[in-house]
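Per-entry structural report
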Amino acid sequence: RELIFCLIHYIQTPENTRLAIRNSRNVERISLDMDDLAGIDSDYVVASDETKRISHPLRKIVDGKKMSTNPDKELLNLSLGDPTFFKNLPIHKLMKEAVIEAVGSEKFNGYGPAHGLLCARQAVAKHYTTPEAPLTEDDVIIACGCAGALEFCFSVLGNPGQNILVPRPNHPLDFCVAVSRGLNARYYKLLPERQWEADIDHMEQLIDKDTVAIVVVNPSNPCGSVYSKQHLLDILAVAKKYFLPIVADEIYTDLVFKGQLSYLIATLSKNVPVLSCGGLAKKYLVPGWRVGWILIHDRNSRLKKEVIPSLIKVSRKSFGITTLVQAALPQILEKVPQSYYENTMSLVEANANIVYAELSVVAGLTPVMPSGALYMMVGVELDKFPHISTAIDFMEKLMLEESVYILPGECFQYAGYIRVVLLLPNDMVKEACIRIRHFCGRHYVQ
């Protein structure tokens, strides 16, 4: 009513360009500069600058396409990294029982601490603590999946205009979250000829006074690479030299092939602080449960004064994630056997061997054998496919002709490659490879 009064009064007294009235409590003053209203488009409400910065390459490419399939062939979806999609990887019965018990207890129906239930933080700390990287419940923050954990980290580590180092190829979520916060993403190269190791020299060249952190994704989505101990030490050496913390996306920890070792980077760090982000989604095959965490490894107490309190503050922007799954965490992390995720990786490794063997002999394709995670990257010699201009075009034509759905490298900031998901039943993977071979045979020109 007061605003309407101001407007009416302005109309009646056009000489006045500024009006002010006191509210009913005579505490605040409302001031309207009518010149500020000129030119405002009243047809829509303006969104925030933060939302305008959001750009998710995968969603932008995939959601914007209306792709057709071959009606005579069943769709084979090698694009989706959701381990529940094909119904061939059931969750362990102990996980179901743990959640049912939490529901039946009726102890976890109310709000919990924003940064996580004590029992959940204790369970995560107990599961991941090592002599080289000890943890207590105070070093754990529970988040909405690994994505939520990463968002917390990017929210506190920098200000708009500063930058973080992100690998390329990379999962677009790291880029999307950081850029929405006003940070600039600078991409350091991953080298396919070296099993997607980071180009350390290039990484160091990207660092300047505004760099606030280095993001390390290991094991890697989309590459399936698993870094050696020495390579992680090389990355830590760069971080130490420039006094930078590491943000480690380690959601695929332990998901490696037989004979491979997976190191949590914090276990190798003596001087560099590490924020390790993980969760249940991939290892325990429940991405929809949305349970993730940050493990805070505060070397030399460099995070204690500002970063750790800020992480707690950021977590308080919500009421935390579902308490029921948090309450189930102690049983899940303690009782689900190692054989559970080893069985998953046996399937993934078998599929990796199939895809690598089948596509290595296809003219125009160069698969890079992974060592873990759930994916494989395959190079495409686009100059040998005259009717295919980009990997996006490759995706669309492959769908149209063979009903095989893969993702183009452009989804991961890496043109000239495609990503294949290795979670399908073996027979579906074999059939997909046959169709890809036929497709390439029709389009490849020597």
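Here the structure is shown first, and the text comes after it.
Residues numbered from 1 in each chain as written. Predicted model: local features only at pLDDT ≥ 70, side-chain atom pairs only at ≥ 80, totals over all residues. Heavy atoms only, no water.

**Here's the deal with the pattern of salt bridges**
Taken as a whole and assessed by the stated rule, the structure comprises 11 salt bridges. Measuring nitrogen to oxygen at the nearest pair gives 2.6 Å for the salt bridge that ties K283 to D254. One end of the pair, K283, is in the loop between β10 (274–279) and β11 (292–297); the other, D254, is in the loop between β9 (246–249) and β10, with 29 residues separating them in the sequence. (Salt bridge = Lys/Arg side-chain N within 4 Å of Asp/Glu carboxyl O. Helix = DSSP H or I, 4+ residues; strand = E, 2+ residues; numbered from the N terminus.)

**Details of the nonpolar core**
L280, W293, I294 and F394 are the most contacted members of the largest nonpolar core, which has 113 residues in total. At nine residues, the largest contribution of residues to this core is made by helix α13 (residues 338–360). Those residues in contact with L280 that sit more than four places away from it in its chain are L285, V286, W289, V291, W293, V325, L329, I332 and L333. Formed by 31 residues, the second largest nonpolar core is a distinct cluster that contains L165, A198, I207 and L244. (Core = buried A, V, L, I, M, F, W, Y, C linked by side-chain atoms within 4.5 Å. Buried < 20%, exposed > 50% of the residue type's maximum accessible area, 1.4 Å probe, protein only. Contact = heavy atoms within 4.5 Å.)

**Things to note about the packing of helix α7 (residues 145–157) against helix α11 (residues 307–315)**
Relative orientation of the contacting elements α7 and α11 amounts to 125°, with a least axis distance of 9 Å. Classified by the angle between their axes, α7 and α11 sit oblique to one another. Crossing hand, α7 versus α11: right-handed. Residues F152, C153, S155, V156 and L157 of α7 form the contact with α11, whose own contacting residues are V307, S310, L311, V314 and S315. (Axes fitted to C-alpha atoms, helices over the stretch in contact; angles between N-to-C directions. Parallel < 35°, antiparallel > 145°, perpendicular 65-115°, else oblique. Left-handed = near helix turned anticlockwise from the far one by under 90°.)

**Here we look at the pairing of strand β4 (residues 140–143)**
Every second residue of β4 is oriented toward a common face, with V140 and I142 on one face and I141 and A143 on the other, all of them buried. Across four bridges, the pairing between β4 and β11 is antiparallel. Bridge pairing in β11 places I142 opposite W293. (Pairing = 2+ DSSP bridges.)

**Comments concerning the side chain of S225**
With respect to the helices and strands, S225 occurs in the loop between β8 (211–217) and α10 (229–241). Using a relative accessible area of 4% as the deciding quantity, one classes S225 as buried. For S225, the contacting residues outside a window of four places in its chain are Q195, W196, N218, P219 and S220.

**Digging into the pairing of β10**
A regular strand carries its side chains on alternate faces of the sheet. Of all six residues in β10, six are buried; the element is thus mostly enclosed. Residues V274, S276 and G278 of β10 are buried on one face, and the alternating residues L275, C277 and G279, pointing to the opposite face, are buried as well. Direction of pairing for β9 relative to β10: parallel, over a ladder of four bridges. Residue pairing for β10: A248 is matched across the bridge by S276.

**Considering unusual backbone geometry**
Note that the residue after R168, namely P169, is joined by a cis bond; omega there is 5°. Here P169 lies in the loop between β5 (163–168) and α8 (172–180). Residue P222 is bonded to the preceding N221 through a cis peptide linkage, with omega at 25°. Along the chain, P222 falls in the loop between β8 and α10. Although it is not a glycine, K87 adopts a positive phi angle of roughly 60°. Among the residues examined, K87 registers a relative accessible area of 72% and is labelled exposed.

Worth remembering: the numbers are spatial, not functional.
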